[in-house]
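Take a look at the letters that make up each chain.
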Amino acid sequence: MGKPTGFLEIDRKLAPKRAVSERVNDYKEIEILNSTADTEAQASRCMDCGTPFCHNGCPLGNVIPEFNDAVYEQNWKYAYDILSTTNNFPEFTGRICPAPCESSCVLGINKPAVAIELIEKSIIEKAYAEGWVIPFVPKVRTDKKIAIIGSGPAGLAAAAQLNKAGHFVTVYERADQIGGLLRYGIPDFKLDKSVVTRRVEIMKQEGIIFVTNSNVGTADKLANLTNDFDAVLVATGSTTPRVILAKGNDALGIYPAMEFLSQQNKRNASINLEVNHKGEKYHNTNIYAEGKHVVIIGGGDTGSDCVGTSNRHRAASITQIEVMPKPPVDRASNTPWPNWPNMLRTSTSHDEGVERLWSISLQEFIKNDRGELEALLIGDIVYNMKDGKIEQEVINSRKIPCDLALVAAGFIHTDHDSLFDQLISVGVKSDERGNLVANSSYQSDNEKVFIAGDARRGQSLVVWAISEGREAARNIDLYLMGKTSLEGKSVSSFDVLAK
Ligand code: FAD
């Protein structure tokens, strides 16, 4: 630990953000890169807590106190070496991770936690600026070939690791661009797509082959891959949206959030809107919020991304409705430290303007004579105790104007498409939620097929996808070679320091 009194002297300070009045006019990233001096000061707040819970809070097992110390000591190259041992893509997590590590930071027991995510982003951006992030081309190649289906963070992390182990890796992606939800889904104002492209270019130079517009299961059959490759990793995500079954749900003007968000990603990149993020035709190629009364159904992160995008479209009004009650402003007592806290989360998109309603029941989509959506009938959910049981009642039913409804009510499972059918036919199982099943080694009931990311665990987080991709890669290497030198999640501070 560098500065024993850092946490007593320095307050938590996050990176500056562009003013709302400026940023709603474009899709550029909201957060400005911190100054080197400010980040070093923030790193000095990491105290010598003895048992750092942040390691466990982070699904990647990032060795956080050590890189904080290196930053405080101005040894940024060493900080980058430590960080890149456990995380292939700190530039993604440093921008968009909800930072479970910070929720479990020991300092967070009675003071604001160390700004770990900010430090992570500063390290990787400095590493790029200094030219430390260079392609890792293995000196020795094995004769093993691995196919990865899906180029989201899980597939990309696995590709990077397996290539590092010397295997020949080909990534198949049904969309026209690489990146999964990093590319099509997450708005550019949270994660600029040049950040994704910058990493993919390095991976290409490392020898990884990327095949886009390749929907495995249709044109390229799974059987071709299982015959031609020594192992196949399925990292296809979980993007089948939940459908709202309320009356009138066939009205014109109701769209899944992903159709709305991916269209804006494509517009920003000047890519034509012929096909959506799944490589299928869009229902409507002009889902645009300008002048519309927008209601976003679902109070989570995807809904928040729709708020930010609707504000940039100049919507007439934006309302976000959520079926669950409003969470407490501070950490709820049933999720004490070091757990991930149940509490109200206000995103940068919320700061830009939205009306948020909780405990809302959506009763009907109201349409006009032409079948177009013009309002929603909603009511407040109240909970009453009756005969010792909690009963739900809907009161105060009312109409709210709405001519664009964006459904952000979660994703139910991985796509049940022709690839899914082919996987089942070769012995891969699905669970009760409809996702694909693998054992603790990420191996399915077909020994050649491994599963990682949202396709296995359901819609989750980028940091979990990277973690699953890395762990799956380690197990594939072990399966093919009988041993592996790829780092696992259990990497300790001593392993890192010994490198
Ligand atoms: P995905 O990223 O979904 O990638 C799967 C890829 O597989 C896709 O590119 C898909 O086209 C491809 N594919 C599927 N089937 C086939 C096939 N048959 N052939 C070829 N390719 C195929 N997490 C965060 O941590 N922070 C955030 O801020 C955040 N924001 C989000 C915003 C939105 C709108 C959404 C929807 C999710 C967000 N998430 C966020 C969650 C996060 O993006 C996912 O958990 C993560 O991307 C999952 O990674 P993955 O690699 O498993 O799957």
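Scroll up to find the structure this text is about.
How each quantity is defined
Note that residues are indexed from 1 along each chain, following the sequence as it is written. Given that this is a predicted model, residues contribute local features only at a pLDDT of at least 70 and side-chain atom pairs are listed and counted only at 80 or more, while totals for whole chains, interfaces and linings are drawn from all residues. Heavy atoms from the whole structure form the basis of all side-chain values; hydrogens and water molecules are not counted. Strands are treated as partners if at least two bridges between them are detected by DSSP. In this description a helix means any DSSP run of H or I spanning at least four residues, a strand means any run of E spanning at least two, and both kinds are numbered starting from the N terminus. Fitted lines through C-alpha atoms give the axes, limited to the stretch in contact for helices. The angle between two N-to-C directions lies from 0 to 180 degrees. One heavy atom within 4 Å of a molecule or strand is enough for the residue carrying it to be called near that molecule or strand. Definition of a polar contact: a pair of N or O atoms within 3.5 Å, with one able to donate and the other able to accept a hydrogen when the atoms are protein atoms, and with sequence-neighbouring residues admitted only if both atoms are side-chain atoms. Surface accessibility follows the Shrake-Rupley procedure with a 1.4 Å probe radius. Residue values consider only the protein chains on display as shielding. In this count, Pro and Cys sit with the nonpolar residues alongside Ala, Val, Leu, Ile, Met, Phe, Trp and Tyr, while Asp, Glu, Lys and Arg are called charged and the others, Gly among them, polar. The split into domains, and so the bounds of each, comes from an automatic or database assignment of domains. Oblique is the label for any angle not covered by the other classes, which are roughly parallel (under 35 degrees), roughly antiparallel (over 145) and roughly perpendicular (65 to 115). With the far helix as reference, a near helix turned anticlockwise by less than a right angle produces a left-handed crossing, and one turned clockwise produces a right-handed crossing. It only takes one pair of heavy atoms within 4.5 Å for two residues to be counted as in contact. Whenever a carboxyl oxygen of Asp or Glu lies within 4 Å of a side-chain nitrogen of Lys or Arg, that contact is scored as a salt bridge. For every residue, the accessible area (1.4 Å probe, protein chains only) is compared with the maximum for its type, and the residue is labelled buried under 20%, exposed over 50%, or partly exposed between those bounds.

Peer 1: Tell me about the sheet that holds strand β12 (residues 389–401), and name the residues and values.
Peer 2: In spatial order, the strands read β10-β11-β12; together these three strands make up an open sheet with antiparallel pairing. Of all the strands in the sheet, just β10 (360–367) and β12 have a single pairing partner and so form its edges. Between one strand axis and the next, the sheet turns through 25 degrees on average, direction left out of account. With seven bridges joining them, β10 and strand β11 (residues 373–386) adopt antiparallel strand pairing. Looking across to β11, one finds that K367 is bridged to L373.

Peer 1: Give me the lowdown on the site of the ligand, citing residues and values where you can.
Peer 2: Taken together, 36 residues are adjacent to the ligand, and I96, E173, K190, D454 and V462 come closest. For the ligand, an oxygen atom lies 3.3 Å from a polar atom in the backbone of P153. The side chain of K190 places a nitrogen or oxygen atom 2.9 Å from an oxygen atom of the ligand. For the ligand, whose accessible area on its own is 1000 Å², the fraction buried by protein is 97%. Of all the elements in the fold, those that place two or more residues in the shell around the ligand are α10 (153–164), α13 (257–268), α14 (301–313) and α18 (462–481). Its residues assigned to classes, the shell around the ligand comprises 17 nonpolar, 14 polar and five charged. Mapping the shell around the ligand onto the domain boundaries places at least three of its residues in each of domain 2 (145–239 + 412–493) and domain 3 (243–409).

Peer 1: With reference to specific residues and values, describe the packing of helix α3 (residues 36–43) against helix α5 (residues 64–72).
Peer 2: Geometry of a packed helix pair, given as the angle between the helix axes and the separation of the axes. One way to put it is that α3 packs onto α5 with a least axis distance of 8 Å and a crossing angle of 135 degrees. Regarding the angle of α3 to α5, the classification is oblique. In the packing of α3 onto α5, the handedness of the crossing is left-handed. Residues T39, E40 and A43 of α3 lie in contact with α5, whose contacting residues are N68, V71 and Y72. For the contact of α3 with α5, the per-class residue count stands at three nonpolar, two polar and one charged.

Peer 1: So what's going on with the pattern of salt bridges? Which residues, and what values?
Peer 2: Enumeration over the complete set of coordinates arrives at 28 salt bridges. The partner of E125 in a salt bridge is R198, and the shortest N-O contact between them spans 2.8 Å. You can see E125 sitting in helix α9 (residues 116–130) and its partner R198 sitting in helix α11 (residues 193–205), a full 73 residues away along the chain. The exposure class assigned to E125 is buried, which follows from its relative accessible area of 12%. Several salt bridges share partner residues, and in doing so they unite E29, R95, E125 and R198 into one network.

Everything listed here is a matter of coordinates, which is why it stays silent on function.
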